[in-house]
Amino acid sequence: MSSVIKDIENAGMKEKIEKFEIGDTIRVYAKIVEGDKERIQGFEGVVIAKKGGGVRETFTVRKIVQGVGVERIFPIHSPKVDKVKLIKSGRVRRAKLYYLRGRIGGRATKIQDKAPE
Amino acid sequence: MVEGIIGKKVGMTQIYDKSGVVVPVTVIEAGPCFVIAKNADSKKVQIGYGKSKNTTKSVKGHIKKAGAQEDLKVLKEFACKDMETVQLGQEIKVDIFKEGSIVSVTGTSIGKGFAGTVKRHHFRRSPMSHGSKSHRIPGSIGAGTTPGRVYKGKRLAGRMGNEQVTVKNLKVVQVNADKNTLLLRGAVPGASGAYIIIRKGKA
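Everything quoted here is computed from the prediction, not taken from an experiment.

K.L.:
Sorry, what's going on with the overall build of chain B here?
P.N.:
Within chain B one finds two helices and twelve strands. Counting from the amino terminus, helix and strand elements in chain B follow one another as β-β-β-β-α-β-β-β-β-α-β-β-β-β. Taking 203 residues into account, the globule formula puts the C-alpha radius of gyration at 17 Å, and chain B, at 22 Å, lies well above it. Principal-axis analysis of the C-alpha atoms gives chain B an extent of 70 × 50 × 35 Å. The contacts in chain B between residues at least 6 apart in sequence include a share of 71% that link residues at least 24 apart. Accessible surface computed for chain B: about 12300 Å², of which carbon and sulfur atoms make up 50%. Each charge class in chain B can be summarised by its mean position, and for the 36 positive and 14 negative side chains these summaries are 15 Å apart.

Written out as structure tokens, the structure reads:
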């Protein structure tokens, strides 16, 4: 990649990113604009995918709201993602947890806890 | 002020704007260009850009008259409203553009080679299955004995791309005069590394 593009992309990247893995339960604090006011809204769920690299990297968070699955895709470096809080580390054997989409009931969000190291 | 500049397409990326929205941008390395000639009658200014390995003597002499470095690669004429303010040999940089202003970009599109009608003219495809033996053929190209020929201008397969294309109404997202870079919203014709012309558009 051209160094010119690299510089531009690096300028748009956050210096510090909270660490989290696939299968972790996290809470994303996203900035949303209501009218002319900006406030922070939390979105808590399981990280089921990470995609892309560099400034383009995104992650998908899935949660169940009133029995309906809801997924949101956040760009990691977006200024609209205020911060990410790690709630629980999960033990998974896949890089993409799309199989959770087919699950219903109590199993839908269940992920084994990561054994303490 | 000269109404345009010559540059080189670097490639595309994405940046976040002030409100945090992702903007797709084309990165362009433009300028510094040098004023080579002025034509007061047509109100145009010729500027040069780039580095050439083999400039002919006649072109070298032409550039030398303006007092610029002699190995410029691309020379191009641009409109200029106030001719008196521009001197020969003067440096033109990307700061002639402002963030948020509108520009049009002219370049040479990527060559596609000998392309069929589906790619070249957006003809519809034939069925891909169910026993169909034709998939991307053009179909009938005219009637029979009358007129007994194919009409001129009939869209057929042939060379595609590698032609001059102008894209209008591109928004300037960022201007960096120190690094001679320009960020435009959206795509620009041509391959990465190709020379392009950026002109001021109607605001």
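Here the narrative resumes, following the displayed structure.
K.L.:
How should I be thinking about the sheet that holds strand E11 (residues 181-185) of chain B in this particular structure?
P.N.:
Strand pairing in a sheet relies on backbone hydrogen bonds, with the paired strands running either antiparallel or parallel. Residue and element names in this part refer to chain B. Taken in spatial order, the six strands of this closed barrel run E1-E2-E11-E10-E7-E12, and their pairing is antiparallel. Each strand axis lies, on average, 50° off the axis of its neighbour in the sheet, ignoring direction. As paired elements, strand E7 (residues 102-108) and strand E12 (residues 195-200) share four bridges and run antiparallel to each other. By the bridge assignment for E12, Val103 is matched with Lys200.

K.L.:
Any chance you could explain the nonpolar core here in plain terms?
P.N.:
Nonpolar side chains tend toward joint burial in soluble globular proteins. Counting residues in each nonpolar core, the largest one holds 29 residues, and the members touching the most others are Ile5(B), Leu184(B) and Ile198(B). Within the second largest apolar cluster, 19 residues are counted, among which are Val28(A), Phe43(A), Val47(A) and Phe74(A).

The rules behind these values
Residues numbered from 1 in each chain as written. Chains lettered and ligands numbered in written order. Predicted model: local features only at pLDDT ≥ 70, side-chain atom pairs only at ≥ 80, totals over all residues. Heavy atoms only, no water. Helix = DSSP H or I, 4+ residues; strand = E, 2+ residues; numbered from the N terminus. Rg over C-alpha atoms; globule rule 2.2 N^0.38 Å. Contact = heavy atoms within 4.5 Å. Areas by Shrake-Rupley, 256 points an atom, 1.4 Å probe, with all protein chains shown as cover. Lys, Arg positive; Asp, Glu negative; His and termini not counted. Charge placed at Lys NZ, Arg CZ, Asp CG, Glu CD. Pairing = 2+ DSSP bridges. Axes fitted to C-alpha atoms, helices over the stretch in contact; angles between N-to-C directions. Core = buried A, V, L, I, M, F, W, Y, C linked by side-chain atoms within 4.5 Å. Buried < 20%, exposed > 50% of the residue type's maximum accessible area, 1.4 Å probe, protein only.

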